[in-house]
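Coordinates in review
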Amino acid sequence: ARPDEDARPWPVVLLTALGAWLAVIPLVIVIGTLLGDLIARDLGPYLIGALVLAGALVTLRSRSLPLFVEQLAVPALMVGLGSLAFAIGRDLRSELAAAILGVLALALAAALPRAWLRVLLGAAAAALLSLALILALGASTAPLAVFRDGRHWVWLALHLALAVWLVGLWVQHALLGQGATGSAASALEAIGAGWLLTILAGLALHSGMTMLLGASIDPMVRDLAQHLAPRDAAPGGIPWASAVSALLVLAAALWGARAWPGLGRPWVLGVGAGVAGLSWFLPSLGGVWLALVVCATTWRARLAAAAALAAAWIIGSFYYHLSLPLAHKALILILAGPLLGALVWLGNGRSAN
């Protein structure tokens, strides 16, 4: 069973949240003025962050909670996390601080009973833990330096995070198969959704800017994509990244054939082989394609749609890659397009007969 969703009309939730957040802003300013230097000195941020976070957690765990009070607790949760992030980032190395905050986000997601908060905290945890791994592998405390000079660590960290998501799916299935109450599996579903969305966004940005969107997208997203984009045949100098990407597409084809017998037909496997050939030139495509097939065959339609969008972004980014001349890239796409189209036409013809 899917996690319970909020049945309240979203306009009511939105207007109530707006009123609650407007009421919280002056309250936070007053508290900040009264506490003064305690917020920025010594153990002050830890104490304030822990108290505010505990109050928000207790409030959000209440079963019968008015909507206005719930929305008051959400910014309090953010203030508590922000205070702890300030203190931890001040006193510890960047990679250790990111790891601690990522684990804290996972703990909060497990403790909070609301699915939408679990999705957001799962996304934050994936971003923080991936950043911690990138910084640790790159042996740097400057995130922008890692993005510019260690794009291979970004690729590796995102694929390790994808592996964690797959392990989470297996654990969720094991919990359901053993007759558990479902609460743990429900929590994993929401947390995993946010976790995967972060991975998909990261892999899409790692591929670079997609075709025709450079002038219309947010400048911050465009700059981040340019920093993360690979500039040679293998991203960041990893010679086996292309091979791993192709193998992931083949693994997705085999998984699809196992889950849905119809996907084991020769023409469908031929489509998988064609995408695997294309993913050799797009090292971020393999992981996204695997997520797409897994989400589709496990009936996670919205996550599958997000993976399909990320795959389209990555394929469009091929236009801007500088590892091959434009004519060679055009030839690759000219060969891939008719091949995939012919396979689909062949499959449709056989289905009609």
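Above this text is the structure in question.
Let me sum up the structure you'll find in this document. Position numbers for residues count from 1 along each chain, tracking the sequence in the order it is written. Side-chain atom pairs in this predicted model are given and counted only at pLDDT of 80 or more, local residue features only at pLDDT of at least 70, and totals for whole chains, interfaces and linings cover all residues. With hydrogens and water stripped out, all remaining heavy atoms of the structure feed into the side-chain values.

For the rest of this paragraph, the subject is the packing of aromatic side chains. Two aromatic rings from Phe, Tyr or Trp, using only the six-membered ring of Trp, form a pair when their centres are within 6.5 Å; if the ring planes differ by under 30 degrees the pair is stacked, by over 60 it is edge-to-face, and anything between is tilted. The final tally for this structure, using the stated rule, is two aromatic pairs. Aromatic pair W260 and W299: ring centres 5.3 Å apart, planes at 50°, arrangement tilted. Residue W260 is located in the loop between α10 (241-259) and α11 (266-279), and its partner W299 is located in the loop between α12 (285-297) and α13 (301-317); the two are separated by 39 residues in the primary sequence. Per the convention used, a helix needs a DSSP run of H or I reaching at least four residues, while a strand needs a run of E reaching at least two, with both numbered from the N terminus.

Attention now moves to the packing of helix α2 (residues 44-60) against helix α3 (residues 67-91). Axis definition: a line fitted to C-alpha atoms, over the contacting stretch in the case of helices. Angles run 0 to 180 degrees between N-to-C directions. In contact at an axis separation of 8 Å, α2 and α3 are set at 150° when each is read in the N-to-C sense. Comparing the axis directions of α2 and α3 gives the class roughly antiparallel. Considering the relative orientation of α2 and α3, their crossing is left-handed. Asp, Glu, Lys and Arg are counted as charged, while Ala, Val, Leu, Ile, Met, Phe, Trp, Tyr, Cys and Pro are counted as nonpolar; the rest, among them Gly, fall into the polar class. Residues of the contact of α2 with α3, tallied by class, amount to 18 nonpolar, four polar and three charged. An angle counts as roughly parallel when it lies under 35 degrees, as roughly antiparallel when it exceeds 145, as roughly perpendicular when it falls between 65 and 115, and as oblique in every other case. Each crossing gets its handedness from the near helix: less than a right angle anticlockwise from the far helix is left-handed, clockwise is right-handed.

Expected helix span is taken as 1.5 Å per residue step, with the number of steps being one fewer than the number of residues. Across its 17 residues, α13 extends 24 Å between first and last C-alpha, which sits within 8% of the 24 Å expected from 1.5 Å per residue. To sort residues, take the accessible area from a 1.4 Å probe on protein chains only and compare it with the maximum for the residue type: under 20% means buried, over 50% means exposed, and anything in between is partly exposed. Along α13, the residues that are buried comprise L303, A304, A307, A310, A311, W313, I314, G316 and S317. Those residues of α13 hidden inside the fold are in contact with α8 (183-206) and α12. We call two residues in contact whenever any of their non-hydrogen atoms come within 4.5 Å of each other.

Attention shifts here to the pattern of salt bridges. The term salt bridge refers to a side-chain nitrogen of Lys or Arg lying within 4 Å of a carboxyl oxygen of Asp or Glu. In the structure shown here, the tally under the stated rule is three salt bridges. Across the pair R93 and E95 runs a salt bridge whose closest N-O atoms are separated by 3.1 Å.

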